[in-house]
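Summary of the model geometry
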Amino acid sequence: MSETSDLQALHSRTAAAHPETSRRPEPEALGEPPRSRDAIVALGASKIREVANAGIGLSDVMPFWFGEPDAVTPAFIREAAKAALDAGDTFYHHNLGIAP
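Residues numbered from 1 in each chain as written. Predicted model: local features only at pLDDT ≥ 70, side-chain atom pairs only at ≥ 80, totals over all residues. Heavy atoms only, no water.

Helices and strands together make up the secondary structure of the chain, namely four helices and zero strands. In sequence order, the chain lays out its α and β elements as α-α-α-α. When the 100 residues of the chain are sorted by exposure, 7% land in the buried category. Summarising the internal contacts of the chain: among those between residues at least 6 apart in sequence, 61% fall at separations of at least 24. (Helix = DSSP H or I, 4+ residues; strand = E, 2+ residues; numbered from the N terminus. Buried < 20%, exposed > 50% of the residue type's maximum accessible area, 1.4 Å probe, protein only. Contact = heavy atoms within 4.5 Å.)

Laid out in structure tokens, this is it:
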């Protein structure tokens, strides 16, 4: 079996085993506004955010806490991300990737 067919088979098994992760309708289509789950609302502040807030604006602190690059993301990556969002592809995939 090729690596591609292995990945396709894994993707099919994963999708079949977890149908709840397949495309879900938009909240607007259900007639309700999007809302956060209670567990999310109850979370405390992010510690990394606290560190960042304390260091923002200090001239002697280098802002490495967010891991942001110093270059703009290439256009082909931005376009692929937009296309995926428009297609409703907003869920995590298997670590091996998406079958071609």
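Once that is clear, we can look at the pattern of salt bridges. Counted by the stated rule, this structure contains two salt bridges. The shortest N-O distance in the salt bridge between Glu79 and Lys82 comes to 3.0 Å. Of the two residues, Glu79 and Lys82 are both situated in helix H4 (residues 75-86); the distance of three residues between them amounts to about one turn of the helix. (Salt bridge = Lys/Arg side-chain N within 4 Å of Asp/Glu carboxyl O.)

This paragraph deals with helix H3 (residues 47-55). Between the side-chain oxygen of the N-cap and the backbone nitrogen of Ile48 there are 3.3 Å, and the N-cap of H3 in question is Ser46. Gly57 lies just past H3 and shows a positive phi near 90°. (Polar contact = N/O pair within 3.5 Å; in protein donor to acceptor, adjacent residues only side chain to side chain.)

The next point concerns H4. Compared with an ideal rise of 1.5 Å per residue, which puts twelve residues at 16 Å, H4 spans 16 Å between its outermost C-alpha atoms and is within 8% of the ideal. Immediately beyond the C-terminal end of H4, within one or two residues, lies Gly88, with a positive phi of roughly 80°. (Expected span 1.5 Å × (residues − 1).)

Further remarks concern the confidence of the model for the chain. Summing up the model confidence of the chain, the mean pLDDT is 77 and the portion of residues at 70 or higher is 68%. Considering each helix and strand of the chain separately, the mean pLDDT is smallest for helix H1 (residues 3-17), with a value of 63, and largest for H4, with 94. (pLDDT = per-residue confidence, 0-100.)

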